[in-house]
Amino acid sequence: MASSAPVLPFGQATAEAAAQPSQCGPSSIVLLAQDRQGWANITRLVTIGRRRCDKGQSLVSWREVAAHHAGLFALWGGAGSRLADEVPPDAEAELLKQAFAQRLFVMLSRHRHADDVPLEARLRERATRYGLNTVAVPEVLYHSRARRPMQDVLTCIRHGVTLATAGRRIRGNDEHDLPSVHAFVTRWRDDLASVQRGVDIADACTFDLGKLRYRYPSERLPDGTTSHQYLETRTW
């Protein structure tokens, strides 16, 4: 499960869950933690997915994603997602809609790739087909275009390939930086409603990792006293 930070000011916890639908290869969906319960569900999905995979990988089923929907926004789409397949994912769409309801969105991105236009057209058609709202997001892989070489090298290390043999494992241009608000809005000036939905989602995500504090697990001794009570009897 790889980290991701979509949409303008998204500082909240996010995760990209690889999901395994029946009779299809692995796909992905971006999950955003709206609150602490959402973060707990993300960590549970990470644990479930990693237990069945090799180190560094994570794979969960669509039903597992749906079962852990509480406190999460789901952004579905992008190249390689099940939603963008030639065959409409009717079963998966119905499952996710029942689970996430109004917290399920079709994710649209524009990175000036050759297939951006047909991909967006297909995703918009699927959004209409399933009655889902669209949200405009960038796939942010580095904060500045100057960091693209590092991103490419780290991707090659991860996959055990060289830059010459990386192929589609690395992106075809440097349009995956964190855009300014002005640049992002200008790129989406024909669909500001999708931009606004991204802002609304960001505002709704109130969870902050800084709120997490370590809590020593509660222990109860056989006689029913807590560890603190037992310690008092031993020291006073």
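Heads up: the structure comes first, above all this text.
The rules behind the values
Residues numbered from 1 in each chain as written. Predicted model: local features only at pLDDT ≥ 70, side-chain atom pairs only at ≥ 80, totals over all residues. Heavy atoms only, no water. Buried < 20%, exposed > 50% of the residue type's maximum accessible area, 1.4 Å probe, protein only. Helix = DSSP H or I, 4+ residues; strand = E, 2+ residues; numbered from the N terminus. Pairing = 2+ DSSP bridges. Right-handed = clockwise from strand over helix to strand, strands pointing away.

**Student:** Now, about the pairing of strand E3 (residues 72–77): what can you tell me, with residues and values included?
**Tutor:** A regular strand places its side chains so that they alternate between the two faces of the sheet. Counting buried positions along E3 yields six of six residues, so the element is predominantly enclosed. The alternating pattern of E3 places Leu72, Ala74 and Trp76 on one face and Phe73, Leu75 and Gly77 on the opposite face, and all of these are buried. Direction of pairing for strand E2 (residues 27–33) relative to E3: antiparallel, over a ladder of four bridges. Along E3, the bridge assignment pairs Leu32 with Phe73. You can see the chain leave E3, run along helix H3 (residues 90–100) and come back into strand E4 (residues 104–108), and the turn it takes is right-handed.

**Student:** Could you give an account of unusual backbone geometry, naming the residues involved and the relevant values?
**Tutor:** A negative phi holds for most residues other than glycine; trans holds for most peptide bonds. At Ala101, a position not held by glycine, the phi torsion is positive, near 55 degrees. By the secondary structure assignment, Ala101 is in the loop between H3 and E4. Located in the positive-phi region is Arg112, a residue other than glycine, with phi close to 60 degrees. Mapping Arg112 onto the fold places it in the loop between E4 and helix H4 (116–130). The class for Arg112 is exposed, based on a relative accessible area of 57%.

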